[in-house]
Every structure is written in structure tokens, then in C-alpha cells.
Amino acid sequence: MTYLQKSPWIVHYNASSCNGCDIEILAALTPVFDVERFGIINTGNPKHADILLCTGSVNEQNKVPLKNVYDQMPEPKVVVAIGICAATGGIFRECYNVSGGIDKIIPVDVWVPGCAARPESIIDGVVTALGILEQKRLKMLQKGNSDSTKVGEA
Amino acid sequence: MIPEPFVPVFYALVYILVAPLLGGLIAGIDRKVTARMQGRVGPPLLQPFYDVGKLFEKENAVVTATQNFYVLSYVVFMVVAGALFFSGGDMLLVIFAFTLSHIFLVLGAYASYSPYSHVGAERELLQIIAYEPMIILTAVGMYMVTKSFFVSTIMASAVPIILFLPGIFIGYLIVLTIKLRKSPFDLSTSHHAHQEIVKGVTTDFAGPNLGKIEIAHWYEYVFLLGVIWLFFAWNPFIAVAAILVAYFFEILIDNTISRVKWQLMLRSAWVIAGTLGLVNLGVLYYLRMVVP
Amino acid sequence: MSKQITVPFGPQHPVLPEPIHLDLVLEDETVVDVIPSIGYIHRGFEKLVEKREFTDYVYIAERTCGICSFVHGATYCQGIEQIMKIDVPERAQYLRVIWSEYSRLHSHLLWLGLFADSFGFENLFMNAWKIREDILDVMEQTTGGRVIQGSCKVGGVRRDISDEKLDAMAKDLDRIDRDMKELTTVFLQDSSIQHRLRNVGVISRGDAYHLGAVGPTARGSGVAIDTRKLGYGAYDRLNVQVVTESCGDCYSRCAVRAKELFTSTDLIRQAVKKIPDGPIDIKVTGAPDGEYFMRAEQPRGELVHYLKGNGTKFLVRSRIRTPTLTNIPPLIKMLQGCELADVPVIVLSIDPCISCTER
Amino acid sequence: MTPENQTTTSIDVGKLIGSVERFRNEGYRLVQIGCTKVGDLYEINYSFDKDYHFENIRITITGDTEVPSISGMYWNSFIYENEMHDLFGIPVRGMNIDFKGTFIRTAVKYPFSQPPVTVTKGDKS
Amino acid sequence: MQILDLLLCLILFPLIAALFLLVVRRDSWRSLIVQLSAVAIGIVSLMLLVLGFDKGTLLYTVGSEPVSQVMFFIEMILAVFIVCLGIKYRKSLSVVLILLQAGLLVWYETNMAGHISVGNNLFVDQFSIIMALIIGIIGTLICVYSVGYMETYHNRHKEIRDRRNIFFGLLFIFLAAMFGLVFSNNLLWVFFFWEITTICSFLLIGYSETEEATNNSFLALSMNLLGGVAFMVAIIYLAISDPSGNLMDLNYLLTTGKAVALVPAVLICFAGITKAALMPFSSWLVGAMVAPTPVSALLHSSTMVKAGVYIIVRFAPVLAGTTEGLIIALVGATTFAFASFMAISQSNAKKVLAYSTIANLGLIVACAGVGTYNLMWVAILLIIFHAIAKSLLFLCVGTVENRIGSRNIEDMGGLIVRMPKIAIMMFIGMAGMFLAPFGMVISKWAAIEAFITAPFGLIFIAILAFGGSATVFFWSKWMGKIISVMRDQTVIEDTVKKEKWAVLYILTGLVVVVCLIFPLISSVLIEPFVLNIYGQTARLAQANLTIMIMMLCLLMIMPFSMLFYGKGAQPPVPPYMGGRPMDDSMHFAGSMGVSRELVLSNYYLEKTFGEERLFMIGASLCWGLLLIAGIMLLGVIL
Amino acid sequence: MAFFEMVKTALKTVVKRPVTILYPAQAAKKTPISRGHVVFDGNKCISCSICQRKCPSQAIVLNKEAKSWQINRFRCVVCNSCVDICPSKCLFMDTQYTAPAMAKGVDTFTITYVKPAKPE
Ligand code: SF4
Ligand code: SF4
Ligand code: SF4
Ligand code: SF4
Ligand code: SF4
Ligand code: SF4
Ligand code: SF4
Ligand code: SF4
């Protein structure tokens, strides 16, 4: 049994998006879409979060905070890139200040396309992420077990 | 049945086992009702349990290993305080144990030397000093009616305590808002943290530690609602009804009021304790002690 | 030893949907120093004019921001039209007004929600966004997009709205008005909200004006500037009421926006009544040669698109001066000496939008 | 739609402070300061508004000309002047709040002073 | 007669030690003498406990006339000495007061002393034994600690004249005077020792001879002399009301009943209030912090202020149920609340400790003023617990100050890493001050339970509730400061001296042990004493005791959970900084491209709990109360 | 000035049905003109490559030799530009949005259009 899939807490970071995708993430929290139905809470704090919802094409200054937010999330964790900007830089790909795509900085597990990504699409993306989250947890458990056996042997 | 001297132990054990279940359920209902007040469907009823289960599945990331100790102490003493209460112990001792447990939470936040935890810790302390007088006055009020600080005696009393302590009761409900971390007094931390200080005291706790804090909250809920019971102890049905109404009232307040700043919190909590509480006690004192 | 606390406020922070970077220096909870920094959203897309034809640049202009997307598109198009002296069909101009005002509704509701959240009033946030969904529905029904509408183009608009739909929209506004009335009453009357807003982040009329405040930030301090009064688009044929408040505090700014909701619905009704039949666009030939400072009223205030062309398909310069950019200096003034708990409230009170500010 | 009446006056850098002072004294507000690279020269527009009356003054300079800050008259000008420095590399003298090039940190230094790019054809990346 | 020997030994032995210390100038010798005498005094006071705990009140006659003559003589010399100093430093108030006091004394000696003879000059009962233990153990521990401290102190402060012989001499005279005070049954003797403590503290506060120290020492002197005058008036009043001098017998006086004893009781309590630094006289104790830390420790825990509350507690039975007693209690309660509030706004560690002391003394006086049997019990408990925890805290702060060169709480961040042992000791000391199940909270709890049945108890409970919560605030934030784990810090406590460690360990142990065995202390010493006076006594319910002891054990087990987490744990991660990384030197990327240091300070809430404002309010309230008491007293006399 | 202005709304909402759309159990909000994803009809494409040139984010790559038309849906900002501009109306905007995916890929279509023989 796993609770991880029933209680995915999110943290949202706007890595230089145009706001379009961000307000759709927020909209997903509000009554009409109400993602709390799935136990999703916007914690606003990477240390409490399981899923990083990231938007935007990642500009020069965002590299460090984005990495930091990701690093501060405890394992297991997944990253969902929301919007076209987050996927490839989209329409801003060619701008001098964007790196184009979140995967340039941190590993991404799920891509949610759309400009702006619709709330429903974001819900789909998070649901897809849940499966990956569970896999990661199992992997973590295995690793933990093998670690402890090692300690036992030594 | 259970031999006499073990009855309190039995109650304490029941509390230790049942309170988290009940507390989690209360939290679940709370979230459900809150969602409905906002026109949403809300999470499943058992969501709080999923959350805590999840937290224990996560990595225990700490800023300093000492955090583990403070959190564990927080939980343990919260349980001790509640168990003492339900085993019929001395109210004042319960209150002190309760404070002790909170101090551990605060220390845990301080330990991490992080700006948000730090501000959260300071605010948590401000909350403690805001509600503590009122809670002590509540105990004193109970004593003045029943001549005992022992919960067991208060429980056994056939007097409708609420009739003697209406002011105290209202005061208690108001500081309860602080304790339940509800608006307008969710200063030090709050449920979803759309807050200037992120998650305040709990900012730098993650995974299992956060789960423990949550469990401690559940124990706390049950204990705090248990105090409401005392006001109505003479009739269990009314007591249950009162708890339900009171809790609904708390949720309603949470949903219909903005967060205040610490100055107003301290002022209102103290003024309420100082007026409602003291006037109530004063009148009672006059009736009981002066008029024979 | 000073008793100070340094708080790195942002870039990642739950009350900020967008990265803002402030270094706060506190004593107890009083802010003694605020040092802002920006640059987390700067993409540098103004330079894309060198790569995209001026007719295609509108897609980029729209994505300046996901909130006033339409206004940016329209302002850009109008700027080009000014340079090229294109006479846009009447109907298109009215449609632009209608969509602009819907944008304002959606933006102000969004803001009211976020603002409520900044002082911990979750229910109000939910309610505001609930109403906002009605507006977005209309947007999607008429443009095909919820937040990025993409319905403007140089020379007109890309979609028409049928007259039946326009009437239905106008009728629906009555219900929305009612909901918004209930919502704004809470904002304007509730005493717990007043406790958080009154006398917080005060900026005087003179300061607001001279520090360059625009939009509700200026109008909250009693400076009656509203670029719609310039009469671009169809605004010169509509009765635009300028809402002002005099206190210059967060409450005033909130009140201005709350009241503007109703001036917007009013404008939409007026427009629906007056909108003529006819074509919605005109064919554009040639290329812009010349320059223009196109000014328009975004939900957050005066927006300036400076456009300069040299007769080729590629512009020489597009420079977007957004309301938030010019509202930052007043914001710095407002933050001085406030309480930590007021910081998000004050920051949000100018309705900051970093996306277009940094471009 | 009625086009707005916009006047643009070109002036010399040396006259800048004097002209801005005039606007300030007449109660104009600063709408924006913006820079445009035209060929090898830089046009800097200072726009003012009073009661919906728009006035623009322009200086045209080479990239290394030092521009005096107008923050003495308009406190808020630092926001544009820092931007001008960070994006165009134009040195501004005497800003009240000088971010020293950290206002907008860019991957490319002074991006707008780079020569304009031509259209990329068939970009396959 | 064994016990009498012990009493005399306790009074005289420190005196002899003091004489040696005054002449010895070699560090090693001094250290030896101090340590030996400390051990000796400690052992003798323990012997007193062993032999005397079950004996009730014992009275002893010791040669009265000659001793009294000597005392008078010494007092005159001291008066002259003070007058000289006062003139030198232009402190007219002190001069006036000492002249007034000396005048009264001379007048008394010439006009009345003739008829008066007190049979039993010395006495001992359980309360005296408790006080003797506090003085004999804690007081001497502080002296031992001082040796090392003063060495470092003078190394650090070269500008201060090294007068350590005088310093240690004074310390031991001080102890002797305290013993004398608690064993004296003759009020004149009490007064004599009372004056000695005043002057010792005056000299010790002024030790560093800086301007501030001198001013503060004179402030302390004036305030205490004011109390001394009141004391003298009380004595004269007694002498007038019963020329035979029977009333000079403290033990007798206490049993005569309110009619006779009330007026002197109130006057002496006034003296006690000045000495215990209650409001409005609290400023002298706060000012006394300029003295080297061991002096503060001594003043706050086992001597001086304890003399003040000792005498008030003695008179508690007389005060019980009187309006005057109530007023004195109110002065105490007001002091408790206001001092606790003021402590919130302080960042100077010693000042916080000072305000905490003042608050607790206020609480003790509040208990004593109301004076019912259970409150008397509480008052004594408070005296014990406070002495131990407070001395530990002062010495810890002193040690820290010596190492880090600051007594500011804000500089104590991360002590848990830098000076782990000291930090844990401070932690325990602070816990002892405000956390369940440690001493002070037990006492506070008992106080609530006791006040609730006392007349007008509600007022006191309310004050206790509000003031108590303030206590929680200022202690916790300080605790939080020392336990916050900062990175990149090194251990710096290994240079602390051995004997200092010994003292600190003993005191830390005492905090815990006394808490564990306090039921025993209560039943053996306090309860019989209270029973003897009131015919009934208080105690905590057995069930509660068990629970508290369980809690204490739990608290001691908890830290072991750390071991459990030790293995297999991930390395710590940096705190949440809004997405900005922080490096090991606690810097993060700030605005305008600067690297900014993370600084965290506690809240001091100056605007709400500012010292000046609150002192004004508190002091005026207390002045008002004292004025009322004074008027009532006049009414009684006339 | 009034206390608890919100109470009325809150209580009213409690008893009313939530406005939540139970997506995915219920269908998503959609309108006939919602912009979802671009559909390509290889039968009609005349390989003019206007779409490729006009696409603001260069999501389309046309390869005349290979007769392939590729769209990178993770680059497409669904602006409708290509649909508007396509001279042979072989592009169409479907209302269904592109589903989230675990990898970014490119959709490739073959152009099957055969130039009708010139009527002689
Ligand atoms: S994908 Fe579109 S809506 Fe989303 S951030 Fe990018 S441009 Fe904005
Ligand atoms: S804020 Fe506290 S009570 Fe609320 S969910 Fe979080 S941890 Fe629990
Ligand atoms: S802090 Fe924000 S998210 Fe959390 S309960 Fe309050 S309003 Fe809701
Ligand atoms: S508008 Fe500004 S400059 Fe003019 S008088 Fe007012 S404050 Fe002064
Ligand atoms: S102000 Fe700018 S970023 Fe904000 S909503 Fe408007 S256009 Fe978007
Ligand atoms: S007419 Fe159409 S198909 Fe022919 S070259 Fe031009 S764009 Fe291509
Ligand atoms: S919809 Fe827009 S972005 Fe997408 S392929 Fe077509 S032109 Fe390109
Ligand atoms: S899809 Fe249409 S525009 Fe694109 S190449 Fe084919 S025919 Fe031309």
C-alpha cells in the first residue's frame, strides 16, 4: 500500500514563465477544478512537497533557485514541467536570456504541453506523475534496504 | 472489570490509542467542511491519514539532527499531556505538560537556524503567551465550580459547569482558534502556507518529522475538544453536541475572517482573558466565597 | 549588536505566484529595510522583433503575460496600426474593448483572490476565483483560449462574436454583477479585512504622482489617471468612469479595483449596445515605417508599447513599459517601516506582474 | 480611434538635465525612459505626461557617452536607468540607486548593444 | 550543645577565612583557602541539616552585652566609612540616609538599649536550616567558581585594579553575615547582619571602580539604607511599645499576634522589599550587574536578595489576613508581572536574569504577603529552586561571557555547537526556571492551587497567569538562541578551568536532583516548619508527584533518542531560504548582487514591553501601594 | 464596518452543491472553438511550407524530399497561426489538448497529397 499517491503535495516555481501557466495551476486549486480532491495541497515549501510544478523557460537567474528548490525537496520527488515554455522554451526559445526547457537544469518526469496548459491538463500531468512517484519510492526502498544490509554485513 | 487503581491508566491508554484516529478524522471532517464552505468538493475524509502515511514514506530531511529530538519530544509530551488529562489528572499539570510540549516544537524550529522557522518560532511563542493565561483561567474556573483541579472530579461533577462559566467558555473558544491554527490566529504556521512566513515553525521539517507533528496535532485536537467536554460534562449528549457546534464555529471563523497581526492577537487574547475570563471568575468568586 | 533579522523573501515564496526578490531586514516584525532585486523573468523577447515579422510578433506580444495577454496583443496591434495609419473596422474596435474589459474583470478577480490569500482569507480567494471562472468561460467561448486568447491581429481581430452571443454575454453579466457585489462587499466592509488594509502601505497623492504610479495604484491615492480616457479603440465613444479613492493605503487600492469591476461590466454593456455590424479586419499591406508610443490601460495601469519600424517587415525596436515597472518605486516607498505581515499585502496591493515588467 | 498627439524633441545630452527640470517644474510625471539602438547610435527617449498630454525628448548618443542620471528630479528614474545600463551598456552617471549591473542579469552582456540578428532560416534545433 | 557550635562555626568560620583571604595575595594560596573553606562550610551546613532537621525551633543564649557592644562599634565605624565615601563621590543621598540611620541607632543605644536584654540571641529552625544550606552550598560553590573567573576577568580587563584579596574577603564576610542573619533571633543582631550585607554588596558592586559601577553601587546602597532606616524605626517602635525588650526576640515577636507585631512587621517587610529589589526599588539589582558575574550570582541566588525575602517570609504569619499583608503581596505580584514583561525586551543576558530574579522574588513576596500556610510552603519552595537554577545560570553566563566576550543573548547563537556542555547546562538551568516538571513550575503550580483558596487570590492568579506566560516567552527565545545549530562553527569551550566545571556540574546536578527529591525536602524540612507555625501544612498530591517524577525521567531519557537517529541518517540539508542557496559561512545571494549574511535575532517587542515605560507604570503602582500601606500604618500607630 | 461579512456567503455555500467539475470522472470544460492541438491532413498538404515559416515558435518542420510534415507538440503554442494561414486548409485545430507525456517527442506525418494532373 502506498500513501504517496494519495497525498501528493506540490510546490510551484515560476522559472520565468509568462504567468499564463501559473494562473492555470492556481486555477486548478480553486473550486471549479479543486485538485484537493486528489489530496493535492499547494504547500509552497519545497521541503514539504512531493511534486515540483514548474513553469517557464528558465532564464539566467532562475537556474540557481530552481536547482535549489529541487534539491530541497525530500525524496521521492518528481518534477512536472507545465507549459510549452517549460518544455522547450516555446515561443521564447530564441531569446538570449532563456535556456529553453527545465530539463536543462533539473530532471523532468512529466511534460504538460499547452500554452497555457489547461487546468485539466495539469491534473492529468500530476496523475501521470503519481505513477512515477510510486516507482521512485520503490526504488528508494530497495536502495535503503540494500544500504542497510551492507551495514549489517560490515 | 478493571480494578480501581488502573482505571486512569486504562483511560490514558484508550486516549493514546484512539486519539490519533479521532483527531485525524476531525482533521478530515474539518477539511471537508472547509472545502464545502468554499464551494469545492474537498479531499476524501481520510485524507489526513493518507497525508501522514505519505510523510512517513518520505525521506527525513533535516537541517540539524537535533530537530529529530525536539519533534519526538513534542509528540511525546503532547501525548503525556493528553493522557494525563484523560486519565483524570490535575488540570494545571496538564497545562504545564502541554506548554512543555509546545516549547519543544518551538525549539525544534529554532534549532534549524532558518529565517522562516525562526520567525515562526517567535510567533509561536507569542501565541503561547497569548493563550496561556486564558487556559489557566479556564482551569481555575473549573476549580471554582467543582472545588477540584482534577479532571476526574470535574468530569464526575453533576453541575452544569457551563452555566457558571459562560465567559470562560467564550474566552476558551477564542483561544482555541489560536490552538487550532485557524484564521484569524494562524500566525505561526497554517495549513496551506499561503503566508508571509511560508510554513512558519514547520518550514524546515520534512517527511517523518512533519508527520509526527501532524500526529501531535491530532492528539492536541482531541485534548482541546476534551476541555470543551468538561464544560458540559454533566450530560454527555449535550457535550457531544457542544463540541460539534464549537468546532463548526471554529471552521466558520476560519473561513470568514482574515489573518490578524500579532499585536492584535496578543491584545485580543489578553483582553478577552482579562475581561470575559476575569469578570466571570470575579462574579463567581463573589457568589461562591463572599455570599455563602 | 543590532537585533536584526534578515529574511530572503523570494524568489520562491508561496504568496508570490511569480519570483520577486526582496531582502528584508526586520527588527522584531518591523521592516527596517527592503532591498529589491528583479530579473527572474527577464527573457529578452523584445529582441525577437529582429527575427519575427511584425505581423507575427503579435503572438509574442500576447505572451508578454498570461493575465493581460489580450491587452498586450491589442496594444501592440494598435501601435502598428498607428504607425501604418491603418483604419481598423469599427466592429473590431468594439470587440477589442469588450475583450479588454473582460480581461480587466478576470485580472481584477484574480487579484482580489490573491490579495485575500495574502492576508490569510482563503475562502475569499476561492470565491473570487470561482467567479473568475465565469469570465474565463466567456473568454474561451469567444476566443478559444482561456488565458492566452490570441484573438487580435494587426488590422483587426481574428474572430467575431455573434450578436446573439453578445446579448447572452450582456445578460449573463447581471448574474456576475450580483456575485461580484457579494464578493466586493466583503472586501470593502469586513472589519477584519479593514484591520489588515487600512493605513497599511500608505502613499500620498503627491508621492504617487511623482514616483510614477499608474493605474489603481495611482487612483488609490487620488491621482485620476486612466489611459482609457485617451480614447483609443472605441473608448472615445463610451463613457469611461475613472474610479478614485483618496487614502492611498492598501484598502484604497483594493477599493479602486473592486469598484472597477462594475465600471468594466458597464463598459461591456455599453459596447454591446453600440457595436455596429461590419467587417472585423482589414488587409494589411506594406511595412511600418516610423515610431509610436502606444499607450493603453491595462488592468494594472498605463501600458506603453513603443514601436519603431524602418520600412522592413522587421521592427527596429519594441519596448514595453509596463505598469508594474513604474509602480515599483512607489512600492519601495510603501514598504518602508511596515510590518512583516504587511509585506505580501503591500507587494500585492500594486498588483505586481513581473512577467511583463521584465519581458 | 483618434491618434494621440505625440511630440518628440531631439536635444543634446548636455541640455538633458535642463529640459527634464522644466518638465519636473511644470508638474509632468515621468512615463518612461527607453533606449533604441539605431545603427551604431543609441536613441534615448524620455517621455513625460501631464493630463494626458504626452511629451518626449530624445538624445542620440554613441554607446560610450556617459548620460547623466535624472534621479535628482525623478526619484523613480533609477529603474529605467539601471535597465538602460544593463541591457544597452550605456553608462549612467549619478544614479540614486545604482545596482551596478545587477538589475537585470543577462546571459549575454548588454544584449541590446549586439548587432541585430537576421532571421534564422530552417532552424532545426 | 552541638548544634550551637555548628551555628557559631558557620558564622565565624567564613569570617576567619575572610581574614586570611584579605591578606593572602598568592593565587594558589587563595584558591586553596577558598576551596577548603567551601568544603568545610558545605560540610558543616550539611551537618546542621543532619542534626537539626527534626529538632524544631531551638533557641540559644549567647553572650549578649559584649557582642552587642562590638556590633554597635562596627556599625559606627562603617557609618563613618560610608560617610567618607559618600562625600568623596558626592553622593549626598547615601550620606543623609546613613547619618539618619546612625543617628537613630545612637539615639536608641543611648536612650533605650539600657533596659533591653534579649535572652536568646540565636535560634535555628527548619527554615534557617534551608537558608543555611543555600548559603553554605550554593554560596560557597559560587566562591569556588569565582577564583577562576576572577583570574580570567583580570586578564581580560587590565584596566581594572586587581583587588582580589578584598574581593574574596568580602565574599566570605558576606557569607558570614548571611549565616548570622538567618540564625539571629535578636532583632538588633538581625539588623546588624542586615547592614553588613548591604555594605558588602555595595563594595562588591563597585569593585571595578568604573564610574558606572560606582554610581550603581551607591544606588544600591541608598535603596538598602532606606530599608535599613525602616528597619531601625521598627526596632525603636518595638522598644517603645515594650521597654523590657521582649519584643526584640524575633521568635517571640512572631507569636505575639498581629496587634503588636503588625507595625514592625510592615516596616521590616519594607526593608525586605528594598533588599529583595522589588519594584519600585528594582533598579539597584539591575544596576548591580556591572559587578563581576559571580557577585551577581551570589546576590541573586543565595545572599542579599534572599535576605530580603527571608525576613518577609519570616513575618508571613503576622501578615496573613491583614490588609497590609495584602498590599505587600500586591507589591510582590505587580513586581512579578512587570519584571517578567520587562525581561522580554532585554537582550543583555544578565539583565534578563536580573529581571527574572526580581520577578521571582516578587512572587515569593506575594506568597508571603498573603501568608496562608500553603503559600508559606510555596514561598520556601520558590526560594530553594530559584537559588539553585539562578546561580547555575549566572555562572554559565559568566563562563560564556569570558569565552566569547559578550553577555548579549544575540551573541550566544549556536552555543550548542560552540560550547556544547555549557549550552546543555544553561538549557537545564532555564528549564529549571520555567518548564514542567522542574522546580519553578512546580512552585508556580502550587502557588496557583494555594492562591485559589486565599482571600483575593483571584487577583494573584490572574497576575500569575499573565506574568507566567511572559516568562515562557523570554526563556524560550533565549533557549532557542543557544540551541540553534549554525554551521561553520568551532568548539571553544575546552579552555574553561577545571574547578569551574566542577561547580557547574554540581549545580546542574542539583537542579535535577533537588527536583527529584523535593518531596523529601518538603516533608522533612518545609512541612514540619509550616505545621509548627500554622498547625496545618500543604503538600502536593501523591499522584501528581509520581507523574512529575515520571515526566522528569522521560525528559532525561528523551535525549537518548538522538542515538537512534544517529545511524543511517542523511546528511543535514540547508534551511529553506526562498530558493536561494546558502553557503557554509551563512551567506546567501542578496539583492544588488551582494552576498548577504543570514542574521537572526529574537523578538524584543520594545514597543510593547519596553523597559522604561513598564518600569514607570510598575514603579508608580508599587509606590502607590506602599503609600497606602504607610498611611494605614500611621493610622495604626496614632 | 461590519464583522463577519463573509458568514452569509460561507453558510450559503455549505448547503449549495459544490461547483467543482469532477474531472476526470466528468468531462473537461470545452467549447467548440477551444484550441487544443493541430491536426494535419496529409491528403491536402501542398508542401508550401508557409505554416513552417509563420509558426512563431517553429514547431513545424516540413521536409519536401521525405514528404514528411513534423510537428513538435512541445514547442507548439497552439496559436492557430498555421491553421489560419494554410492555403490548402489542411490544418485544423482540434479541441482536445495534447496529453501530458513522460518524454518529449515529435509527431511525424507523411504527405500523401498528389498534385492533380493538369487538365490539358
Ligand atoms: S507556455 Fe505559454 S502560457 Fe505557459 S508560460 Fe509559456 S508562454 Fe506562458
Ligand atoms: S498547519 Fe499545523 S495543523 Fe495545519 S495541517 Fe499543517 S501541521 Fe497540521
Ligand atoms: S494560509 Fe493560505 S492556503 Fe493556508 S489556510 Fe490560509 S489561506 Fe488557505
Ligand atoms: S504634487 Fe508633489 S511636488 Fe507637487 S506639491 Fe504635491 S507633493 Fe509637492
Ligand atoms: S501586468 Fe504584465 S505581467 Fe501582469 S498581467 Fe498584465 S501584462 Fe501580465
Ligand atoms: S504561392 Fe504559396 S505555394 Fe507558391 S511559393 Fe508562394 S507560398 Fe509557396
Ligand atoms: S498552432 Fe501556432 S505554434 Fe502551433 S504549430 Fe501552429 S503556428 Fe506553430
Ligand atoms: S500544412 Fe498547409 S501551410 Fe503547411 S505546408 Fe501543408 S499546406 Fe502548406
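Conventions and cut-offs
- Residues numbered from 1 in each chain as written.
- Chains lettered and ligands numbered in written order.
- Predicted model: local features only at pLDDT ≥ 70, side-chain atom pairs only at ≥ 80, totals over all residues.
- Heavy atoms only, no water.
- Helix = DSSP H or I, 4+ residues; strand = E, 2+ residues; numbered from the N terminus.
- Rg over C-alpha atoms; globule rule 2.2 N^0.38 Å.
- Buried < 20%, exposed > 50% of the residue type's maximum accessible area, 1.4 Å probe, protein only.
- Contact = heavy atoms within 4.5 Å.
- Areas by Shrake-Rupley, 256 points an atom, 1.4 Å probe, with all protein chains shown as cover.
- Lys, Arg positive; Asp, Glu negative; His and termini not counted.
- Charge placed at Lys NZ, Arg CZ, Asp CG, Glu CD.
- Salt bridge = Lys/Arg side-chain N within 4 Å of Asp/Glu carboxyl O.
- Polar contact = N/O pair within 3.5 Å; in protein donor to acceptor, adjacent residues only side chain to side chain.
- Nonpolar A, V, L, I, M, F, W, Y, C, P; charged D, E, K, R; others polar.
- 1 Å grid on protein atoms, 1.4 Å probe; cavity = no way out; pocket = protein on both sides within 12 Å on 5 of 7 lines; lining within 4 Å.
- Points joined across faces, edges and corners; volume = space filled by probe spheres on them.
- Domains from an automatic or database assignment.
- Buried area = accessible area lost by both parts, 1.4 Å probe.

The subject of this paragraph is the overall build of chain E. A tally of helices and strands in chain E yields 26 helices and 4 strands. Radius of gyration (C-alpha) of chain E: 24 Å, near the 26 Å computed for a compact globule of 638 residues. Dimensions of chain E, computed from C-alpha atoms along their principal axes, come out at roughly 85 × 55 × 50 Å. Burial status across chain E gives 66% buried among its 638 residues. Restricting to contacts in chain E with at least 6 residues of sequence separation, those with at least 24 account for 84%. When the accessible area of chain E is evaluated, it comes to approximately 20800 Å², of which 69% is carbon and sulfur surface. Looking at charge distribution, chain E has the averaged site of its 36 positive side-chain charges lying 6 Å from that of its 32 negative ones.

Each partner contributes residues to the interface: chain A has 6 residues there, and chain D has 12 residues. Our count for the chain A to chain D interface comes out at 0 salt bridges. Applying the counting rule to chain A against chain D returns 0 residue pairs in polar contact (both at pLDDT 80 or more). Considered class by class, the residues forming the side of chain A that touches chain D number 1 nonpolar, 2 polar and 3 charged.

Okay, empty space enclosed by the protein next. Taken as a whole, the second largest cavity holds about 220 Å³ of empty space. For the second largest cavity, the lining is made up of 24 residues, of which G114(A), C115(A), A116(A), R35(F) and V78(F) are closest to its centre. Split by residue class, the lining of the second largest cavity holds 11 nonpolar, 7 polar and 6 charged.

This paragraph deals with the domain arrangement of chain E. Residues and elements named next belong to chain E. The domain boundaries assigned to chain E delineate domain 1 (1-315) and domain 2 (320-557 + 606-638). When each unit is reduced to the centre of its C-alpha atoms, the spacing between domain 1 and domain 2 is 23 Å. If you look at the interface, domain 1 gives 57 residues, while domain 2 gives 65 residues. Here domain 1 meets domain 2 over a buried area of about 5100 Å², counting both sides, of which 80% is carbon and sulfur. On the domain 1 side of the contact with domain 2, Y145, M279 and M289 bury the most area, a combined 15% of that side's loss. Viewed at the interface, domain 2 and domain 1 are joined by 0 salt bridges. Summed over the shared surface of domain 1 and domain 2, the result is 10 residue pairs in polar contact (both at pLDDT 80 or more). Looking at the side of domain 1 that touches domain 2, the elements with two or more residues in it are α2 (27-52), α5 (126-156), α10 (258-275), α11 (283-287), α12 (293-302) and α13 (305-314). With 19 residues, the single largest contributor to the side of domain 1 that touches domain 2 is α5. Of the residues belonging to the side of domain 1 that touches domain 2, the class tally is 41 nonpolar, 10 polar and 6 charged.

Attention now goes to the interface of chain E and chain B. Tallying the contact residues gives 63 residues for chain E and 64 residues for chain B. When chain E packs against chain B, close to 5500 Å² is buried across both sides, 79% of that on carbon and sulfur atoms. The interface formed by chain E and chain B includes 0 salt bridges. At the boundary of chain E with chain B, the tally comes to 3 residue pairs in polar contact (both at pLDDT 80 or more). For the side of chain E that touches chain B, the secondary structure elements donating two or more residues are α19 (420-434), α20 (439-451), α21 (457-483), α23 (542-557), α24 (561-566) and α25 (606-609) of chain E. When residues of the side of chain E that touches chain B are assigned to their parent elements, the largest contribution, 16 residues, is made by α21(E). Of the residues contributing to the side of chain E that touches chain B, the split by class is 47 nonpolar, 14 polar and 2 charged.

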